[in-house]
Amino acid sequence: KRLLHERPKIDDLDDLVIYRLRDDWNEVGTNLDIQGPVLGRVKREHHNIPEKCASNMFDEWLEHSPGTGGKERTWKTVLTSLRDSGREDIVENVTDHFTWEG
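A brief report on the enclosed structure follows. (Residues numbered from 1 in each chain as written. Predicted model: local features only at pLDDT ≥ 70, side-chain atom pairs only at ≥ 80, totals over all residues. Heavy atoms only, no water.)

## Notes on unusual backbone geometry
As a rule of thumb, non-glycine residues mostly have phi less than zero, and peptide bonds are mostly trans rather than cis. Phi is positive for His 47, which is not a glycine, with a value near 50°. Mapped onto the secondary structure, His 47 falls in the loop between α3 (36-45) and α4 (50-62). The phi dihedral of His 64 is positive, around 55°, even though this residue is not glycine. With respect to the helices, strands and loops of the structure, His 64 is situated in the loop between α4 and α5 (75-84). (Helix = DSSP H or I, 4+ residues; strand = E, 2+ residues; numbered from the N terminus.)

Right under this line is the structure:
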């Protein structure tokens, strides 16, 4: 298994999560405690193109931008949000092929 840092990096999220997420990005963002106005702005700025919206959403979340909630920026948090959004397929792909420190 490939080793990842416990705190996700946007490149790893792009490779492992974002391109698979599609239209569920908004629900995952809600489960990460990202506020509605932030999600709405991301949707408008990227014309609701799922990969671009998801990438921008995760980027802002990792940077602790205003309105992105106080949850820990860890793989555990990302995987829990994916699971809560019904995306167990992405969780299984990540955990089958990767492990992380911590």
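## Digging into the packing of helix α1 (residues 10-21) against α5
Their axes nearest at 13 Å, the elements α1 and α5 cross at an angle of 10°. Compared by their axis directions, α1 and α5 come out roughly parallel. Counted together, Asp 12, Leu 13, Leu 16, Val 17 and Leu 21 of α1 and Trp 75, Val 78 and Leu 82 of α5 form the full contact between these two elements. When the residues that make up the contact of α1 with α5 are grouped by side-chain class, the tally is 7 nonpolar, no polar and 1 charged. (Axes fitted to C-alpha atoms, helices over the stretch in contact; angles between N-to-C directions. Parallel < 35°, antiparallel > 145°, perpendicular 65-115°, else oblique. Contact = heavy atoms within 4.5 Å. Nonpolar A, V, L, I, M, F, W, Y, C, P; charged D, E, K, R; others polar.)

## Details of the packing of α3 against α4
Viewed as axis vectors pointing N to C, α3 and α4 meet at an angle of 140°, and their least axial separation amounts to 9 Å. When the axes of α3 and α4 are compared, the pair comes out oblique. The two elements α3 and α4 cross, and the hand of that crossing is right-handed. Packed against α3, whose contacting residues are Val 38, Leu 39, Arg 41, Val 42, Lys 43 and Glu 45, the element α4 presents Cys 53, Asn 56, Met 57 and Glu 60 at the interface. In terms of residue class, the contact of α3 with α4 is made up of 5 nonpolar, 1 polar and 4 charged. (Left-handed = near helix turned anticlockwise from the far one by under 90°.)

## Let's talk about the nonpolar core
Counting 27 residues, the largest nonpolar core has Leu 13, Val 17, Leu 21, Trp 25, Phe 58, Trp 75 and Leu 82 as its most contacted members. Put simply, the parts of the chain that give this core at least two residues each are α1, α2 (25-31), α3, α4, α5 and α6 (88-97). The greatest single-element share of this core, amounting to 6 residues, is contributed by α4. When sequence neighbours within four positions are dropped, the list of residues in contact with Trp 75 reads Leu 4, His 5, Glu 6, Arg 7, Pro 8, Asp 12, Leu 13, Leu 16, Val 17, Val 94 and Trp 100. (Core = buried A, V, L, I, M, F, W, Y, C linked by side-chain atoms within 4.5 Å. Buried < 20%, exposed > 50% of the residue type's maximum accessible area, 1.4 Å probe, protein only.)

## Points about α3
The α-helix advances 3.6 residues per turn, and as a result positions three or four apart in sequence lie on the same side. Of the residues making up α3, those classed as buried are Val 38, Leu 39 and Val 42. For α3, the buried positions fall inside an angular range of 95° around the axis, keeping them on one side. In this structure, α3 carries Pro 37 and Arg 44 as exposed residues pointing more than 90 degrees from its buried face. The inward-facing, buried residues of α3 contact α2 and α4. One or two positions beyond α3, positive phi appears at His 47, with a value near 50°. (Arc of directions from axis to C-beta.)

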